[in-house]
Amino acid sequence: QVQLVESGGGLVQAGGSLRLSCAAAGRTFENYVLGWFRQAPGKDRELVAHISRNGRSTWYSDSVKGRFTISRDNAKNTVYLQMNSLKPEDTAVYYCQADGSFPFTGWVPRKYDYWGQGTQVTVSS
């Protein structure tokens, strides 16, 4: 199980930017597909971005496409989420997750026993 520590959240005005980081402890970081999720109060946890093991393939939810960018640095065991043009509806706790399944068949949040503490992002209007 990869241990994950998210950081970089904060309070920002609408239109602003934040860069989230997620540091992973453990070996073979490059063997994991990585994703960023978020959970707003009273809502289910949702996937917002995904990056493949080698970083060449990414996916974004429609709600963040064109504004958020996911990237990874396998040498630093870290995945990033650059968030631009933030909106109040982006307010949530953001979590990263790692999946070492092969083949990777998709994200199923309920199957992960471990989640980091998350990092709070609050966007004011």
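Once a new chain begins, its residue numbering starts again from 1 and follows that chain's sequence as written. With the structure being a predicted model, the display of local features is reserved for residues of pLDDT at least 70 and the display and counting of side-chain atom pairs for 80 or more, all residues being used for whole-chain, interface and lining totals. The basis for every side-chain value is the complete set of heavy atoms in the structure, and neither hydrogens nor water enter the calculation.

Draft legend 1. Inspection of the pattern of salt bridges at higher detail. Whenever Lys or Arg places a side-chain nitrogen within 4 Å of a carboxyl oxygen from Asp or Glu, that contact is recorded as a salt bridge. By the definition in use, this model includes five salt bridges. Arg38 is the salt-bridge partner of Glu46, the closest N and O atoms lying 2.7 Å from each other. Note on Arg38: relative accessible area 6%, which makes it buried. Linking Arg67 and Asp90 is a salt bridge whose minimum nitrogen-to-oxygen distance equals 2.7 Å. You can see Arg67 sitting in the loop between strand E6 (58-60) and strand E7 (68-73) and its partner Asp90 sitting in the loop between strand E8 (78-83) and strand E9 (92-99), a full 23 residues away along the chain. Connected via shared salt-bridge partners are Arg38, Glu46, Arg67 and Asp90. The buried label applies to any residue whose accessible area, calculated with a 1.4 Å probe on protein chains only, is under 20% of its type's maximum; exposed applies above 50%, and partly exposed to all values in between. Secondary structure elements follow DSSP: runs of H or I of four or more residues count as helices, runs of E of two or more count as strands, with numbering from the N terminus.

Draft legend 2. Broad picture of the state of the cysteines. For the purposes of this analysis, a disulfide is any pair of cysteine sulfur atoms at a distance within 2.5 Å. In the structure shown here, the tally under the stated rule is one disulfide. Across the disulfide from Cys22 sits Cys96; the S-S distance is 1.8 Å. A torsion of 45° about the S-S bond marks the disulfide between Cys22 and Cys96 as right-handed. On the criterion of sequence distance, the pair formed by Cys22 in strand E3 (residues 18-25) and Cys96 in strand E9 is long-range, its members being 74 residues apart. With relative accessibility at 1%, the residue Cys96 sits in the buried group.

Draft legend 3. Spotlight on the sheet that holds E7. Taken in spatial order, the four strands line up as E1-E3-E8-E7 in an open sheet, and their pairing is antiparallel. Pairing within the sheet leaves two strands with one partner each, and these edge strands are strand E1 (3-7) and E7. Adjacent strand axes in the sheet meet at a mean angle of 15° when their direction is disregarded. Note: two strands are recorded as paired if DSSP finds a minimum of 2 bridges between them. In this structure, E7 lies alongside E8, joined through six bridges in antiparallel fashion. Bridge pairing in E8 links Phe68 to Met83. Simply put, an axis is a line fit to the C-alpha atoms, just over the touching stretch for a helix, and the angle between two N-to-C directions goes from 0 to 180 degrees.

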